[in-house]
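Read off the chains here:
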Amino acid sequence: MGAEWMADGKCRDYPAEVFFPRDGLGVLAAQRICKSCPVAAQCLEYALAQHIDHGVWGGCSERERRRLARERRRLRILHRDAS
Ligand code: SF4
């Protein structure tokens, strides 16, 4: 997956540290920006594919991405076992 979508990210208008918050309030502030980002879906898929551990990507916190990745793995196993 390429990264050309990054040119359209709303985060380009903010300092990078906004998206690498130190606390929950910072996460919420970043997520507010991501909410209206036109490339949020691509951003989230990129972060998941690249196993990016830190920061808010695609409107998801680190914890949310870990949960999503776990859920996708679980579903892949279910589908694999069902076929
Ligand atoms: S979803 Fe958030 S982190 Fe991703 S490109 Fe958009 S503003 Fe940046």
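Before any of the text, the structure's been laid out above.
What this report covers is the structure whose coordinates are included nearby. Since this is a predicted model, take the numbers as computed values, not measurements.

## Examining the overall build of the protein
Assigned secondary structure in the protein consists of 3 helices and 0 strands. Beginning at the N terminus, the succession of helices and strands in the protein can be written as α-α-α. Counting only residues that meet the buried cut, the protein has 16% of its 83 residues in that class. Restricting to contacts in the protein with at least 6 residues of sequence separation, those with at least 24 account for 46%.

## Description of unusual backbone geometry
At His51, a position not held by glycine, the phi torsion is positive, near 55 degrees. Residue classification places His51 among the exposed positions, given that 8 C-beta atoms sit within 10 Å.

## Focus on the nonpolar core
Grouped together as the largest cluster of nonpolar side chains are 10 residues: Phe19, Val27, Ala30, Cys34, Ala40, Cys43, Ala47, Val56, Trp57 and Cys60. Put simply, the parts of the chain that give this core at least two residues each are α1 (24-35) and α2 (40-49). In this structure Ala47 touches Ile52, Trp57, Gly58 and Arg65, once residues within four positions along its chain are discounted.

## Focus: the site of the ligand
Taken together, 14 residues sit near the ligand, with Gly9, Cys11, Cys34, Cys37 and Cys43 positioned nearest. Of all the secondary-structure elements, those providing two or more residues to the shell around the ligand are α1 and α2.

Criteria and thresholds
- Residues numbered from 1 in each chain as written.
- Predicted model: local features only at pLDDT ≥ 70, side-chain atom pairs only at ≥ 80, totals over all residues.
- Helix = DSSP H or I, 4+ residues; strand = E, 2+ residues; numbered from the N terminus.
- Buried ≥ 20, exposed ≤ 12 C-beta atoms within 10 Å, placed from the backbone.
- Contact = placed C-beta atoms within 7 Å.
- Core = buried A, V, L, I, M, F, W, Y, C linked by C-beta atoms within 7 Å.
- Near = placed C-beta within 6 Å.

Functional significance is not addressed by these values, which are geometric in nature.
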